[in-house]
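Residues per chain are reported as follows:
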Amino acid sequence: MTNRNYRNTERNGRATAQHIVHAARALAIVCWLGALSCLVITGAGIWADRSAPGATVVAILSTDGLPRAWAASIAGALALVTCAALVELARMLGRVTPDALFSSAITRHFRRFAALLMAAAVLRVLLPAVATLWLASQSGAGSVQLTFSGDDLLSLLPVAVFFFVARLFDEAARLEDDQRSIV
Amino acid sequence: MAIVVRLDVMLATRKVRSRELAEFVGITESNLSLLKSGHVRGVRFETLSKICEFLACQPGDLLAYVPDEEE
């Protein structure tokens, strides 16, 4: 590689880094909006008056046979955890800079995002089942029918991939540090 | 560190300023300073080649292997 090519490669690398940072900023804004929407829509489903006249768009809380208060509590908890996951993702994207595309802080936020997403996926499966069992035990019912959706269990798969991506981030951070230490 | 950078010695011998060399090589003065002090993990062949060209020397004049002392 000639010296001019080498300089061009460096210049292109910096331009690419700038593009990545701009994209990360845009995605961070989308994540913040997503987190806010998650809370607003869940809140609307819990508290909105469906019988309000003139309402064209309504959020409906699906209770799946549970009392409305229980379903609302579960939906609220899931919304909070999902919102926290999106906030972590937004914070991670906000930390991307041209000089440090991969840093330990970015990886830390991404790990938290993956952990919170896993927590949300697990809670989505467990909380309705636990609530159903609790209510059955309180009412003295002899048998309980629990329903698990395969989609909920499949949602754990991307989380496992996210944890793998976090490991890749660690390796990328090490390589970036090496690259910076070579003059 | 077993590899010792003797760039400062060559700069003094050739009576060249760090800033001039950094400009010719195309690296920042701070990076050149890190290289002089040996606080880098590696040197690109491109960088080494430009330094040798500017100082009219061989890579062996800039780098030396010094075995670590046994404790």
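Only a predicted model underlies this, so the values are computations on that prediction, with no experimental measurement involved. (Residues numbered from 1 in each chain as written. Chains lettered and ligands numbered in written order. Predicted model: local features only at pLDDT ≥ 70, side-chain atom pairs only at ≥ 80, totals over all residues. Heavy atoms only, no water.)

K.L.:
In this structure, what is going on with the overall build of chain B? I would like to understand it.
P.N.:
Helix and strand content of chain B: 5 helices and 2 strands. From first element to last, N terminus to C terminus, chain B shows the α and β order β-α-α-α-α-α-β. Computed over the C-alpha atoms, the radius of gyration of chain B is 12 Å, within 12% of the 11 Å expected from 2.2 N^0.38 for a compact globule of 71 residues. In terms of principal-axis extent, the alpha carbons of chain B reach across some 40 × 20 × 20 Å. Per-residue burial for chain B yields a buried fraction of 34% across its 71 residues. Sequence separation of 24 or more characterises 68% of the internal contacts of chain B that already satisfy a separation of 6 or more. (Helix = DSSP H or I, 4+ residues; strand = E, 2+ residues; numbered from the N terminus. Rg over C-alpha atoms; globule rule 2.2 N^0.38 Å. Buried < 20%, exposed > 50% of the residue type's maximum accessible area, 1.4 Å probe, protein only. Contact = heavy atoms within 4.5 Å.)

K.L.:
Explain helix H2 (residues 18-25) of chain B here, please?
P.N.:
All names here are of chain B. Three or more residues of H2 are buried, namely Leu21, Ala22 and Val25. Taken down its axis, H2 places every buried residue within 100 degrees of arc, on the same side. Once H2 finishes, Gly26 follows within two positions and takes phi at roughly 90 degrees, a positive value. (Arc of directions from axis to C-beta.)

K.L.:
Would you take a moment to explain the side chain of A:Thr107 for this structure?
P.N.:
Residue and element names in this part refer to chain A. Looking at where Thr107 falls in the secondary structure, it is placed in helix H3 (residues 104-139). Residue class for Thr107 comes out buried when judged on its relative accessible area of 1%. From its side chain, Thr107 meets the backbone oxygen of Ser103 in a polar contact 3.0 Å long. (Polar contact = N/O pair within 3.5 Å; in protein donor to acceptor, adjacent residues only side chain to side chain.)

K.L.:
What should I look at first to understand the layout of surface pockets in this one?
P.N.:
Over the atoms rolls a probe the size of a water molecule, and its path tells where empty space is left. Residues and elements named next belong to chain A. Roughly 620 Å³ of volume is contained in the second largest pocket. Forming the walls of the second largest pocket are 26 residues, and the residues nearest its centre are Ser62, Asp64, Ile74, Arg124 and Pro128. Counting only elements with at least two residues in the lining of the second largest pocket, the list comes to helix H1 (3-47), helix H2 (68-94) and H3. Its residues placed into classes, the lining of the second largest pocket shows 14 nonpolar, 9 polar and 3 charged. (1 Å grid on protein atoms, 1.4 Å probe; cavity = no way out; pocket = protein on both sides within 12 Å on 5 of 7 lines; lining within 4 Å. Points joined across faces, edges and corners; volume = space filled by probe spheres on them. Nonpolar A, V, L, I, M, F, W, Y, C, P; charged D, E, K, R; others polar.)

K.L.:
So what exactly am I meant to see when it comes to helix H4 (residues 45-55) of chain B here?
P.N.:
The periodicity of an α-helix, 3.6 residues per turn, causes residues three or four places apart in sequence to face the same way. If you check which residues of H4(B) are buried, you get B:Thr47, B:Leu48, B:Lys50, B:Ile51, B:Cys52 and B:Leu55. Positive backbone phi, approximately 50 degrees, marks B:Ala56, located one or two places after H4(B).

K.L.:
Honestly, the environment of A:Pro158 in this entry has me stumped. Any pointers?
P.N.:
Residues and elements named next belong to chain A. Mapped onto the fold, Pro158 is located in helix H5 (residues 156-180). Exposure remark for Pro158: the relative accessible area of 39% places this residue in the partly exposed category. Linking Pro158 and Ala44, residues 114 residues apart in sequence, is a C-alpha distance of 28 Å.

K.L.:
Please clarify how the packing of H2(B) against H4(B) should be interpreted in this entry.
P.N.:
In helix packing, the relevant descriptors are the interaxial angle and the interaxial distance, both defined with respect to the helix axes. All names here are of chain B. Where H2 contacts H4, the two axes come as close as 9 Å, and the packing angle between them is 125 degrees. If you check the angle between H2 and H4, you find them oblique. The element H2 and its partner H4 pack so that their crossing is right-handed. Counted together, Glu20, Leu21, Phe24 and Val25 of H2 and Thr47, Lys50, Ile51, Glu53, Phe54 and Leu55 of H4 form the full contact between these two elements. Broken down by class, the residue content of the contact of H2 with H4 amounts to 6 nonpolar, 1 polar and 3 charged. (Axes fitted to C-alpha atoms, helices over the stretch in contact; angles between N-to-C directions. Parallel < 35°, antiparallel > 145°, perpendicular 65-115°, else oblique. Left-handed = near helix turned anticlockwise from the far one by under 90°.)

K.L.:
Help me understand unusual backbone geometry, please; the structure alone is not making it clear to me.
P.N.:
Keep in mind that most residues, glycine aside, have a negative phi and that most peptide bonds are trans. Residue and element names in this part refer to chain B. The backbone of Lys15 shows a phi angle near 55 degrees, a positive value even though the residue is not glycine. Turning to its location among the elements, Lys15 is positioned in the loop between helix H1 (7-14) and H2. Of note in this structure, Ala56 is not a glycine but carries a positive phi near 50 degrees. Tracing the backbone shows Ala56 in the loop between H4 and helix H5 (59-62). Given a relative accessible area of 59%, Ala56 falls into the exposed group.

K.L.:
What should I look at first to understand the pattern of salt bridges in this one?
P.N.:
Considering all chains together, one arrives at 10 salt bridges over all chains under this definition. A:Glu88 is paired through a salt bridge with A:Arg91; the nearest N and O atoms lie 3.5 Å apart. In this pair, A:Glu88 and A:Arg91 both sit in helix H2, 3 residues apart, roughly one turn of the helix. The residue B:Glu23 makes a salt bridge to B:Arg19 at a minimum N-O spacing of 3.7 Å. Of the two residues, B:Glu23 and B:Arg19 both sit in helix H2, 4 residues apart, roughly one turn of that helix. Taking the relative accessible area as the measure of exposure, B:Glu23 reaches 59% and is therefore exposed. Look at the salt bridges and you will find they share partners, linking A:Glu171, A:Arg174, A:Glu176, A:Asp177, A:Asp178, A:Arg180 and B:Arg41 into a network. (Salt bridge = Lys/Arg side-chain N within 4 Å of Asp/Glu carboxyl O.)

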